[in-house]
Amino acid sequence: MKRPDLLLIAGADQERRATATRFAWIAAAAIVVLVLTVQPFSDANVWWHLALGRLITTSGIPAHEPFSFLPAAHAWVGQQWLYEVTLAGLVGAGGAGLVSLVMGLAAVAAVVLAALAIPRSVRVTGPWLAVSMVITGVVLHSVVGVTSAVISVLGVAVVLFVISRWRDGRTSAVWGLPALFLLWANMDAGFAAGLLILLAAVLLIPGAPSHAGSRRQLALALGISAIAALANPVGPGIYASVLSGVFDPGVAQSLAGFGSPNFHEWWARLFEGEVLLVIVLWTVSGGPDRFSAITGFGLLIATLFAQENLGLFAVFVTPQLAVHGSRAWTLHVAPRLHGPEQAATRHLHPVATGIALLAMTAAMAVALVPRLSASAAATYQASTYPEAPATYAGHNFPGQRLYTIDTWGGYLAYRFPSGRIVFLYDEPAVFGSNALQLYDAIDLLDPNWVHVLTTENIHHAIIPADAREAAALHVLGWTVNCYDPTSRSLVMSSSPGGIAPPGSGLVIPPPGAPDC
Amino acid sequence: MSSVAAEAVHEPRSGFRERLDSWTAPSGLFIAAVLVIMALPVTRTIQDPDFWWHLRAGQLIIQHAGLLGNDPFTYTVANHHWTMHEWLNEVLFAVEFAVGGLGLIVLVLCTVTWLGLLAIMQKARLRNPTRGVLGMGMLIAVIAGFPIWGPRVQMITFAFAALTLLLVERHLVKGGKAIWALVPMFLVWSNFHSGFVIGLGFIAIILVAELIGAWLHMPDSAPRERLRPLLLVLIASVAVSMINPNGPTILLYALGTQTSGAQQSLIEEWFSPSFHDWEVLVYGAMLLSMAMLVVFNRHIRARDVALVLVTTALSLQSARHIALFVAASTPVYIDQLALATPRIRAALRRLRRAPATARTRARVQPPLLFRLTACALLMAGLGGVYVAWLVPKMQLQPYSLTYAQEFPVCAAQWLAGAPEPLKIFNQYGEGGYLSYTLSPHGDKVFIFGDAALMGDPLLYSYANVETVTPSWDSIIRASGTDIVLYDIKTPLADVMDHAADWTKVYQDGLSVAFVSTDRLSTLHLPPVPDWAPGSVCAKQAKATPNAGAQNR
């Protein structure tokens, strides 16, 4: 019989090795997720947020929409000012590469925190944590990048982590929540999802038995957090602003993020696969608790209505995948593979693990560093956005109104932050339905599209070469000033009166048109 | 134990009277009412734009006493080989039309859809749910399928799929020889519609799921000795489905549609359902509540899991597959509802703090005569409603105002007066109607709804014109088009209205026509008719509420 003190030492050593093994798996998964989440400025909204951040830095938060020549129906909602100022500061400090890296790291932090948001009483092995993290990273790939959605993804992960600690009896963690919501409410409207998740926790999770009144503490922290969220430029109107953004049908029609997922796209198929996986795992592993089930289905409904909620859903189910995947494996698969007696928990060899992690880190660096360079950002920007056409228009038509598609409106706001020469960009809640109708009239070529061009005094346009507006303006007799082969876009201007309209066909690239 | 089963245990059966009591009980009346109500949403006017070219193709098959090797309707892909996978259905359309007009076709297709729903109900009954749960589940399923119902060829596949699943489930639960009825059924189905591969796929999925389920010790696995006949039936069904004018290639035909990027991305009914559309909300609610019930009950058969997963994936991908979801998932939904009901009732009792064993009150049945009278009145009322619903839809003719608001009825009448056949660039969803009405006149269309026949390159060309990309004008001209007939208030129509080299030659409440200005004098188009007041086209010009739908 072994001495009790030796048993204790062996137990502690076993625990340490188990922790190291879990850490290794989490680190490896985090490296994979980082490669997926570091992205260039693929979300076109980043440009007007950036322009606004610079404007706020110099002039404070504007009271009215600052870039467009259209009259905005509503006062400017400066709710995201902190995100915008941070964005501008990061770009100023390290360029686009630094912003991409920081946002990628924030997304990784969200995934790691979500994977660790598991009550300590539930033992989940490292491989299952890693699998759940990688699945989440792959699903998140389509919604993260340089976008304020990452802030909400991270915020939800922090909330889940705090709830899990609270369930373990560490109730002091909840007092960090008001500070979190104070910051979050000034960066992204998704803070409301965090409050709802907390509310669900208060209502559905029994308080830690060892801490009397712990549920009251969580409820109190929720109340203070809800009040802390009011400390932003919109003040008490922030909740009405969030609600109008969620339930305004005009917003759903004009923004792809507020539409249902298109399951022909691979990312939606991944989402569907993740949903089915979670439901199957819940079913075969004893079922979720009430909080997980109700909140999970709530987020699923939210994502089916608005695909931009995908990130919140993905983060929420990360601990569910880990816990229920591990449990289902133990219950149903492991006994069939290994027989009734369980295989002993295997620990990784420390040296081999260290070498593997170093190799993964090196591979990640090889993959990421070129993407973060200034030249890579410039190349991406020139091919994705009308950089050269904007420069051309700035030189040749200074101060004159420009039509462009809504997704490029933000870029033009960034390029021309003063003078109000931009038509519209993706902030429909501020512009209102009248401005949206004016935009749609041209974009969808409604019967009054020519009338809108005339009344709004628009004589120049920067548009993709394959856009319907290009063909339509050509029919009206507009001429191509220049063509940018890099972004495949055109600068077009209305022709002076008296020139006969051309034939209907527009040839791309336009013969005789110079490069922008 | 369900109440039906409980009644069976406690009350000795006494033949006819017992059944009469059962069907005149409130639960029996409820099911009878559900059966009639189910027929309402599936009974509609013809809204499927493809119906018209199917009808014309059937007439041509009869006329030529054989399948058409090539496409007779278009001037763009006339050299494409036409795989007429729906030939038998098209011939039946033509025969029904000759015998009873559109009304008979509407009646037959709606009846077929209703029979499919009946098969779903019968499958659900194999698991003995209470009548209340059965009826509620069926009503939810019928409303969930609302975006899809209507007289269209796909309803044949819906009904056959539901029948396939019923026969397979019956075999797995009860055994017997009835499963062999699938073999002749697939022989007929494969000549009706290429969707028969879905039925073959369902059987294969059930077989694989049962094997995996047995390995995982999932509940209520089918006895292994019943899987062998099912496998044999599957093999025989695959073999007989090749007895088809198209031969074995018909097996691969449906896959072409599923893998066509152009069809999936351009044709509206292949789009994913948008949950902002109220029509699919009940489908979404059914999907989500089923997921909740499965998680709540944690008891589901392997074959049910497989069927629900596959049809969920299909229906999320394309709204048109909601019908398959309804066919395969409704019995599972009803089963899950039945499983959850006792637990929900117990939970409600706990909430009300009622005693666990509720007092059983002796049910006093009203006199039989009273019940029969009530039953007759109810059925007569519902039957009357249904007949009042059905008859106006059967009375419509191809040139009725209802159709004139959806299809270019008036423009077709105008074009029929042209002295020479024309090549018409048309809206995708209107090619079928134009082919039906104008192909006897020799006119040809740019495109119609057999997307597989059209091919991806033509679909992409059409999309370039529809979305007015810079190449729109050159595509129309290069194809040899004589006249462009399109819906008003669409981007193409609005741009052509401003184009100097195109001249507007016709407009009604739905359509507008343009001709290249340099060809205007050579086409000898008929004058724009002055529709008589009170005529369908005069009314259409006033009544068409919102023209401009695309890719219907």
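Keep in mind the model is a prediction, meaning the values are calculated, not measured.

Asker: Run through the overall build of chain A, naming residues and quoting values.
Answerer: Helices and strands together make up the secondary structure of chain A, namely 20 helices and four strands. Taken along its principal axes, the extent of the C-alpha atoms in chain A is 105 × 50 × 40 Å. Burial statistics for chain A: of 516 residues in total, 51% are counted as buried. Considering only contacts within chain A whose residues lie at least 6 apart along the sequence, 74% involve residues at least 24 apart. Of the accessible surface of chain A, which amounts to about 21,800 Å², a share of 66% is contributed by carbon and sulfur atoms. Averaging the locations of the 24 positively and 27 negatively charged side chains of chain A gives two centres separated by 19 Å.

Asker: Report on the domain arrangement of chain B, specifying residues and quantitative values.
Answerer: All names here are of chain B. Taken domain by domain, chain B holds domain 1 (3-42 + 83-352) and domain 2 (401-543). Put simply, the middle of domain 1 and the middle of domain 2, counted by C-alpha atoms, are 40 Å apart. Residue-level contacts link ten residues of domain 1 with ten residues of domain 2. Overall, the association of domain 1 and domain 2 removes approximately 770 Å² of surface from exposure, summing both partners, and the carbon and sulfur fraction of that is 63%. Among the residues domain 1 hides against domain 2, the three largest losses belong to Ala262, Leu266 and Ile267. Together they make up 44% of the total. On the surface where domain 1 and domain 2 come into contact, there are zero salt bridges. On the surface where domain 1 and domain 2 come into contact, there are two residue pairs in polar contact (both at pLDDT 80 or more). Counting residues per element, the ones that place at least two in the side of domain 1 that touches domain 2 are helix H5 (87-125) and helix H12 (261-266). Examining the composition of the side of domain 1 that touches domain 2, we find that five residues originate from one element, H12, more than from any other.

Asker: Can you tell me about the side chain of aspartate 304 of chain B, naming the residues and giving the values?
Answerer: Take aspartate 304 of chain B: it is sitting in helix H14 (residues 302-317). With near-sequence residues (within four places) excluded, aspartate 304 of chain B lies in contact with Arg127, Val332 and Asp335 of chain B.

Asker: Could you give an account of the sheet that holds strand E2 (residues 460-464) of chain A, naming the residues involved and the relevant values?
Answerer: Pairing between sheet strands relies on hydrogen bonds along the backbone, with the strands arranged either parallel or antiparallel. Residue and element names in this part refer to chain A. Reading across from one edge, E1-E2-E4-E3 is the order of the four strands in this open sheet, with mixed pairing throughout. Among the strands making up the open sheet, the edge pair consists of strand E1 (402-403) and strand E3 (479-484). Bridge count between E1 and E2: two bridges; the pairing is parallel. Bridge pairing links leucine 402 to histidine 460 in E2. Helix-sheet contacts for helix H17 (residues 406-415) involve E1, E2 and strand E4 (489-493), and the interaxial angle to E2 is about 120 degrees.

Asker: Tell me what's going on with the domain arrangement of chain A, and back it up with residues and numbers.
Answerer: Residues and elements named next belong to chain A. Each assigned domain of chain A is listed here: domain 1 (20-371) and domain 2 (386-493). The straight-line distance from the C-alpha centre of domain 1 to that of domain 2 is 35 Å. The partner domain 2 presents 27 residues to the 23 residues of domain 1 that form the contact. Carbon and sulfur atoms supply 66% of the area buried between domain 1 and domain 2, which totals about 2,300 Å² over both sides. Broken down residue by residue, the surface that domain 1 buries against domain 2 is led by Phe67, Phe69 and Leu70, which jointly contribute 32%. At the boundary of domain 1 with domain 2, the tally comes to one salt bridge. Between arginine 420 and glutamate 65 there is a salt bridge, with the nearest N and O atoms lying 3.3 Å from each other. Seen at the junction of domain 1 and domain 2, the total is seven residue pairs in polar contact (both at pLDDT 80 or more). If you list the elements that add at least two residues to the side of domain 1 that touches domain 2, you get helix H2 (46-59) and helix H10 (249-254). In terms of residues, the side of domain 1 that touches domain 2 owes the most to one element, H2, which gives five residues. Taken together, the residues that form the side of domain 1 that touches domain 2 break down as 17 nonpolar, four polar and two charged.

Asker: Describe in detail the environment of glycine 247 of chain B, supporting the description with residues and values.
Answerer: By the secondary structure assignment, glycine 247 of chain B is in the loop between helix H10 (227-241) and helix H11 (250-259). Measuring from C-alpha to C-alpha, the distance between glycine 247 of chain B and aspartate 21 of chain B comes to 53 Å, with 226 residues separating the pair along the chain.

Asker: Talk me through the nonpolar core; I want residue IDs and the actual numbers.
Answerer: In this structure, Leu177 of chain A together with Phe425 and Trp472 of chain B are the most contacted members of the largest nonpolar core, which totals 320 residues. Considering every element that reaches this core, the biggest residue donor is helix H3 (residues 81-115) of chain A, with 15 residues. Judged by nonpolar contacts, the second largest core, of six residues, contains Val36, Ala39, Leu382 and Leu390 of chain B.

Asker: Quick rundown of the side chain of threonine 312 of chain B? Include the residues and the values.
Answerer: One can find threonine 312 of chain B in helix H14. Ignoring sequence-local partners within four residues, the contact set of threonine 312 of chain B consists of Glu272 of chain A together with Tyr283, Leu287 and Phe325 of chain B.

Asker: Describe the packing of H2 of chain A against H17 of chain A, listing the residues and the values that go with them.
Answerer: Two packed helices can be described by the angle between their axes and the distance between those axes. All names here are of chain A. Packing of H2 against H17 brings their axes to within 7 Å, and their N-to-C directions diverge by 30 degrees. One element, H2, and the other, H17, form an angle in the roughly parallel class. H2 and H17 meet at a crossing whose hand is left-handed. Between H2 and H17, the residues in contact are Trp47, Trp48, Leu50, Ala51 and Arg54 and Gly410, Tyr411, Ala413 and Tyr414, respectively. Of the residues in the contact of H2 with H17, the class split is seven nonpolar, one polar and one charged.

Asker: If you had to explain the packing of aromatic side chains to someone new, which residues and values would you point to?
Answerer: Using the criterion set out here, one finds 51 aromatic pairs over all chains in the structure. With centroids separated by 6.0 Å and ring planes inclined at 75 degrees, the aromatic side chains of phenylalanine 73 of chain B and tryptophan 82 of chain B adopt a geometry described as edge-to-face. Each member of the pair, phenylalanine 73 of chain B together with tryptophan 82 of chain B, is buried. Here the aromatic rings of phenylalanine 73 of chain B and phenylalanine 448 of chain B are separated by 5.3 Å at their centres, their planes lie at 80 degrees, and the arrangement is edge-to-face. Highlighted residues: phenylalanine 73 of chain B in the loop between helix H4 (51-64) and H5 and phenylalanine 448 of chain B in the loop between strand E2 (444-445) and helix H20 (451-454), separated in sequence by 375 residues. Judged on exposure class, the residue phenylalanine 73 of chain B and its partner phenylalanine 448 of chain B are both buried. Through pairs of rings, three or more aromatic residues link up here, namely Phe51, Trp52, Phe93, Phe97, Tyr403, Phe407, Tyr433 and Tyr436 of chain B. The ring of phenylalanine 161 of chain A carries the charged tip of arginine 165 of chain A above its face, separated from the ring centre by 4.7 Å.

Asker: Can you tell me about the state of the cysteines, naming the residues and giving the values?
Answerer: All names here are of chain B. Tallied over the entire structure, the rule returns two disulfides over all chains. Each sulfur in the disulfide pair cysteine 410 and cysteine 537 lies 2.1 Å from the other. Because the sign of the S-S torsion sets the handedness, a value of about -105 degrees for the bond joining cysteine 410 and cysteine 537 places this disulfide among the left-handed ones. With cysteine 410 in helix H18 (residues 409-415) and cysteine 537 in helix H25 (residues 536-543), the pair connects residues that are 127 residues apart, well separated along the chain.

Asker: Describe the packing of helix H13 (residues 281-297) of chain B against H14 of chain B, listing the residues and the values that go with them.
Answerer: Residue and element names in this part refer to chain B. Two elements in contact, H13 and H14, have axes whose closest approach is 12 Å; the angle formed by their N-to-C orientations is 150 degrees. By the angle between their axes, H13 is roughly antiparallel relative to H14. For the pair H13 and H14, the sense of crossing is left-handed. Between H13 and H14, the residues in contact are Tyr283, Leu287 and Met290 and Val308, Thr312, Ser315 and Leu316, respectively. In the contact of H13 with H14, the residues fall into five nonpolar, two polar and no charged.

Rules used throughout
Residues numbered from 1 in each chain as written. Chains lettered and ligands numbered in written order. Predicted model: local features only at pLDDT ≥ 70, side-chain atom pairs only at ≥ 80, totals over all residues. Heavy atoms only, no water. Helix = DSSP H or I, 4+ residues; strand = E, 2+ residues; numbered from the N terminus. Buried < 20%, exposed > 50% of the residue type's maximum accessible area, 1.4 Å probe, protein only. Contact = heavy atoms within 4.5 Å. Areas by Shrake-Rupley, 256 points an atom, 1.4 Å probe, with all protein chains shown as cover. Lys, Arg positive; Asp, Glu negative; His and termini not counted. Charge placed at Lys NZ, Arg CZ, Asp CG, Glu CD. Domains from an automatic or database assignment. Buried area = accessible area lost by both parts, 1.4 Å probe. Salt bridge = Lys/Arg side-chain N within 4 Å of Asp/Glu carboxyl O. Polar contact = N/O pair within 3.5 Å; in protein donor to acceptor, adjacent residues only side chain to side chain. Pairing = 2+ DSSP bridges. Axes fitted to C-alpha atoms, helices over the stretch in contact; angles between N-to-C directions. Nonpolar A, V, L, I, M, F, W, Y, C, P; charged D, E, K, R; others polar. Core = buried A, V, L, I, M, F, W, Y, C linked by side-chain atoms within 4.5 Å. Parallel < 35°, antiparallel > 145°, perpendicular 65-115°, else oblique. Left-handed = near helix turned anticlockwise from the far one by under 90°. Phe/Tyr/Trp six-rings, centres within 6.5 Å; stacked < 30°, edge-to-face > 60°. Lys NZ or Arg CZ within 6 Å of the ring centre and 35° of its normal. Disulfide = S-S within 2.5 Å.

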